[in-house]
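# Working through the structure, step by step
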Amino acid sequence: MTYALTRYKSYQEYLNDESLSPDGNYRLLSTGELIEVASEDDLNRRIALRLLLLLAQIEGGIYAEHICNGNKELQVNPLGDQWVNRKPDVMVLHPEHLEVARQAVLLEMVPPLFVVEVVSPGGENSENYQRDYVWKRQQYEDLGIPEYWIIDPHREKVTLLTLVDGTYKGREYAESEQIVSKIFPTLALNIRDLLRK
């Protein structure tokens, strides 16, 4: 659903609009138009929750307060679908975000430490595939997010992207492989356990 009557002049104006339902899942186009998108499916939510619970236990829970589960926006430069905001399925913030990023992590802020997207079904030419594998990858790389995971339960793999000299270098994990994260080296996570239905 597009809210054609509402046209925002800036991302901040959109953030300040108290008439938007707090339960809504909105995306703002670079044209200022607003779109309400459907919520994630149950499988995607379960996978994100599994990962979130594991991350919350790392090193005695030092990241527990810094984890967002699709409830905080990330401002991005428009690309592909022209959206200027994303809501990653899992995002780990820096401590300073807890003070200054109440509604969203803005472009001028330090980027999040870690972002995860769980891919919805669709072939390589689908918008879902393009969004997570191409557009978000470029947007998150441009922001300088150190690690981005693309969890794809339909292809039964996880693509782990690590920022190296400003460019993402990727590695795919599948089946019973153990993920090796540079951001969370003590994380013990098997692909099969993460993707179980």
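It should be noted that the structure appears before, not after, this text.
Residues numbered from 1 in each chain as written. Predicted model: local features only at pLDDT ≥ 70, side-chain atom pairs only at ≥ 80, totals over all residues. Heavy atoms only, no water.

A separate point is the environment of asparagine 25. Position of asparagine 25 among the secondary structure elements: in the loop between helix 1 (11-15) and strand 2 (26-28). Overall, the relative accessible area of 16% leaves asparagine 25 in the buried class. For the pair formed by asparagine 25 and glutamate 73, sequence separation is 48 residues and the distance between their alpha carbons is 10.0 Å. Residue contacts for asparagine 25: discarding those within four places in its chain leaves Ile35, Glu36, Val37, Ala38, Ser39 and Lys87. In this structure the side chain of asparagine 25 is engaged in a polar contact, spanning 2.7 Å, whose partner is the side chain of arginine 27. (Helix = DSSP H or I, 4+ residues; strand = E, 2+ residues; numbered from the N terminus. Buried < 20%, exposed > 50% of the residue type's maximum accessible area, 1.4 Å probe, protein only. Contact = heavy atoms within 4.5 Å. Polar contact = N/O pair within 3.5 Å; in protein donor to acceptor, adjacent residues only side chain to side chain.)

What follows covers the sheet that holds strand 8 (residues 104-105). Read across the sheet, three strands follow the order 6-5-8 without closing on themselves; strand pairing throughout is mixed. Each having just a single partner strand, strand 6 (85-86) and strand 8 make up the two edges of the open sheet. Bridging between strand 5 (residues 73-75) and strand 6 involves two bridges; their strand directions are antiparallel. Paired with leucine 74 across the bridge in strand 6 is arginine 86. (Pairing = 2+ DSSP bridges.)

Take the sheet that holds strand 12 (residues 167-174) next. Spatially, the six strands line up as an open sheet ordered 4-7-9-10-11-12, and their pairing is mixed. Each edge of the sheet is formed by a strand with only one pairing partner; in this case those strands are strand 4 (67-68) and strand 12. Inspection of the sheet shows strand 7 (residues 90-92) paired to strand 9 (residues 114-118) by three bridges, in the antiparallel sense. Bridge pairing in strand 9 links methionine 91 to valine 115.

Right, let's talk about helix 4 (residues 127-143) for a bit. Remark: the principal bend of helix 4, roughly 40°, maps to lysine 136. All of the buried residues along helix 4 are Tyr129, Arg131, Asp132, Tyr133, Trp135, Lys136, Gln139, Tyr140, Glu141 and Leu143. Those residues of helix 4 that are buried lie in contact with strand 5, strand 6, strand 9, strand 10 (147-152), strand 11 (157-164) and strand 12. Once helix 4 finishes, glycine 144 follows within two positions and takes phi at roughly 85°, a positive value. (Bend = angle between axes of the 7 residues up to and from the residue.)

Counted by the stated rule, this structure contains eight aromatic pairs. Taking the centre distance of 5.8 Å and the plane angle of 80° together, the rings of tyrosine 8 and tyrosine 14 count as edge-to-face. One aromatic cluster in this structure is built from Tyr63, Phe114, Trp149 and Phe184. A cation over a ring is seen here: arginine 171 above tyrosine 173, with NZ or CZ 4.1 Å from the ring centre. (Phe/Tyr/Trp six-rings, centres within 6.5 Å; stacked < 30°, edge-to-face > 60°. Lys NZ or Arg CZ within 6 Å of the ring centre and 35° of its normal.)

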